[in-house]
Amino acid sequence: MSTGPGAHSAPGPDTTDLTAPPDRTRKSSMFSSLKIRNYRLFFMGQVVSNIGTWMQRIAQDWLVLSLTGSATAVGVTTALQFLPMLLFGLYGGVLVDRLPKRPALLVTQTSMAVTGLALALLTITGHVQVWHVYVAAFAVGLATVIDNPARQSFVSEMVGPGQLQNAVSLNSANFQSARLVGPAVAGLLITGVGTGWAFLFNGLSFVAPIAGLLLMRARELHAVERAPKTKGQLREGLHYVAGRPDLLWPIILVGFVGTFAFNFPVYLSAFADDVFHAGAGSYSLFNTLMAVGSVTGALIAARRGRARLRVLSTAAALFGALEIVAALTPSLWLFALLMIPLGIFGMTVNVTANTNIQMSTDPAMRGRVMSLYMMVFLGGSPVGAPIVGWITDTYGARVGLATGGAIAALAAVVIGLVLARVGGLRLTVGWHHGHPRVRFVPREDRAPERVTVAA
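Everything numeric in this text was worked out from a predicted model, so none of it was measured.

Participant: Help me out: how do you make sense of the packing of aromatic side chains in this one?
Facilitator: Summed over the entire model, instances satisfying the criterion amount to 13 aromatic pairs. On the basis of an interplanar angle of 85° and a centroid distance of 5.9 Å, the ring pair of Trp 390 and Tyr 395 is categorised as edge-to-face. Through a chain of ring-to-ring contacts, the aromatic side chains of Phe 262, Phe 264, Tyr 267 and Phe 319 assemble into a single cluster. The ring centre of Trp 54 lies 4.6 Å from the NZ or CZ of Arg 57, which sits over that ring.

This is the structure in structure tokens:
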């Protein structure tokens, strides 16, 4: 950790060869990044805020359904919350590269707190109307345009390159753990005292991350060079990614996985209702077990020393293959148990891609690159949901889930081979001690090119 200004948030490009054996000596303890005071303050604030976020999601959907009786209105609310990221996400990345991250986060977190408190006041006093919820959802989405890339890139300023993967993994575990707690607490509040109190808790929960940001020691942050305000920075960011295959192809892979394979609200609700005829209880069970797997996958990633591209492509291929297996599963309980490894490999894809992209990106470009990554990852589900929903409605839930898994697995294999070719590798299949072994080795016709991967 830096003890003063001037420590860079990331080293120069790391030319680690994809053929290099795993670096066993660089594994860290599962919670090593929490030893850093600034990150510890950030993490504790996010524990409270993430619970509030999940509570708001449940309360918001329930309130809209109560006011309108329309599932379409619930979908409109969700679309309004994601729409700003799709429209303005890249511009948000440009702003994040220009702005100091901590003050920017103070503004976005405060704005989301005010939105939650305003919705709480309207709901508790009985004056809320559905258009109020629409406006609040859109306002939160606008704040997210800045907040998401700022939070993602600020992690490296808090912990430095050596602890980045551990910190990103713990952030994911934090968010997924809140997914287990937040909906349950929201349900108790909604049934016990009313929807407005869940909004109130969410609004007040932002006190924790805001206090954490204010208590940080600026001298212990890893200094980064901010991008100057010039014309063409959005185009510059896109050209930067287009010229870096180690950034471009992982983002494309995440796009395929997020668009077609991560639409679990569509898949799991269809399996609970149409395949197993088990109702809302089984749908809740599926989501809970997947959250358990996601937390497990994030904690496993926290112990991993490197975010390797081969881990990303392998995890994505296994994730897709598991979806195909789950689609063919005849038993409800076996299907439910498969949610745990699906959560593990899905989180491995998320954490590995996130860490590798952050570590491989120049600090002055990180906001723009992460905004593109988040736009592709978060924006893929709303785009893909109608497509996989139509396949599921027309051909059945099993075909829908298997199709999403097949697309993810195929994309992982193809992109994995592309990355191997860029790295000067070739695929070999052979036997080792009586067992089949598939691996990449350097091509003999030329020396392998170096591909930038995260340290």
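Let's pick the thread back up.
Participant: I'm lost on the pattern of salt bridges in this one. Help?
Facilitator: Applying the stated criterion across every chain, the model contains six salt bridges. For the salt bridge of Arg 217 with Glu 220, the shortest nitrogen-to-oxygen distance reads 3.2 Å. Owing to a relative accessible area of 9%, Glu 220 belongs among the buried residues under this scheme. A salt bridge links Asp 246 to Arg 244, with the shortest nitrogen-to-oxygen separation between them at 2.8 Å. Across the pair, Arg 244 and Asp 246 agree in class, each one buried. What emerges from the salt-bridge pattern is a single network uniting Asp 97, Glu 236 and Arg 368.

Participant: I tried to follow the nonpolar core on my own but got confused; where do I start?
Facilitator: The tendency in soluble globular proteins is for nonpolar side chains to be buried as a group. Residues Leu 253, Phe 286, Phe 335, Met 339 and Tyr 373 are the most contacted members of the largest nonpolar core, which totals 54 residues. Among the elements of the structure, α8 (233–242), α9 (245–261), α10 (264–275), α11 (280–303), α12 (309–327), α13 (332–360), α14 (366–395) and α15 (397–422) are those that each provide at least two residues to this core. Residue contacts for Tyr 373: discarding those within four places in its chain leaves Ile 251, Val 254, Asn 350, Ala 353, Asn 354 and Ile 357. Counting 27 residues, the second largest nonpolar core, distinct from the first, contains Tyr 39, Phe 43, Val 168 and Ala 173.

Participant: Just to check I follow, could you spell out the confidence of the model for the protein for this structure?
Facilitator: Reading fine detail from the predicted coordinates is not recommended where pLDDT is low. Looking at the protein, pLDDT values average 81 and 84% of them are 70 or higher. Least confident of the elements in the protein is strand β2 (residues 435–442), whose mean pLDDT is 57; most confident is helix α7 (residues 207–215), at 95. Per-residue pLDDT stays below 50 along residues 1–27; that stretch engages in 69 contacts with residues further than four places along the chain or on separate chains. Across residues 446–455, where pLDDT falls below 50, the model places 42 contacts with residues more than four positions away in sequence or in other chains.

Participant: Quick question: what am I supposed to make of empty space enclosed by the protein here?
Facilitator: Any empty space left between the atoms is revealed when a probe the size of a water molecule rolls over them. In total, this model carries two cavities of 30 Å³ or more according to the counting rule given. Its volume calculated, the largest cavity comes out at about 50 Å³. For the lining of the largest cavity, the secondary-structure elements that each account for two or more residues are α8 and α14. A breakdown of the residues in the lining of the largest cavity according to their chemical character gives six nonpolar, two polar and one charged.

Participant: How do you make sense of the environment of Pro 209 when you look at a structure like this?
Facilitator: Summarising the element assignment, Pro 209 is placed in helix α7. The spatial distance from the C-alpha of Pro 209 to the C-alpha of Thr 110 is 9.6 Å, given a sequence separation of 99 residues.

Participant: Got a minute to help me understand unusual backbone geometry in this structure?
Facilitator: Excluding glycine, most residues fall at negative phi; most peptide bonds, likewise, are trans. At His 277, a residue that is not glycine, the phi angle is positive and equals roughly 50°. One can find His 277 in the loop between α10 and α11. Judged by relative accessible area, His 277 falls into the exposed class, the value being 63%.

Participant: I'm lost on a nonpolar patch on the surface in this one. Help?
Facilitator: On the surface, a nonpolar cluster with roughly 610 Å² of combined accessible area is contributed by Leu 83, Leu 86, Leu 87, Phe 88, Tyr 91, Leu 142 and Val 383. It is helix α2 (residues 71–98) that provides the largest number of residues to the nonpolar patch, a total of five residues. With respect to the helices, strands and loops of the structure, Leu 86 is situated in helix α2. Under the relative-accessibility criterion, Leu 86 is labelled partly exposed at 35%.

Cut-offs and rules
Residues numbered from 1 in each chain as written. Predicted model: local features only at pLDDT ≥ 70, side-chain atom pairs only at ≥ 80, totals over all residues. Heavy atoms only, no water. Phe/Tyr/Trp six-rings, centres within 6.5 Å; stacked < 30°, edge-to-face > 60°. Lys NZ or Arg CZ within 6 Å of the ring centre and 35° of its normal. Salt bridge = Lys/Arg side-chain N within 4 Å of Asp/Glu carboxyl O. Buried < 20%, exposed > 50% of the residue type's maximum accessible area, 1.4 Å probe, protein only. Core = buried A, V, L, I, M, F, W, Y, C linked by side-chain atoms within 4.5 Å. Helix = DSSP H or I, 4+ residues; strand = E, 2+ residues; numbered from the N terminus. Contact = heavy atoms within 4.5 Å. pLDDT = per-residue confidence, 0-100. 1 Å grid on protein atoms, 1.4 Å probe; cavity = no way out; pocket = protein on both sides within 12 Å on 5 of 7 lines; lining within 4 Å. Points joined across faces, edges and corners; volume = space filled by probe spheres on them. Nonpolar A, V, L, I, M, F, W, Y, C, P; charged D, E, K, R; others polar. Patch = residues over 30% accessible without salt bridge, like charges linked within 9 Å, V, L, I, M, F, W, Y side chains within 5 Å. Areas by Shrake-Rupley, 256 points an atom, 1.4 Å probe, with all protein chains shown as cover.

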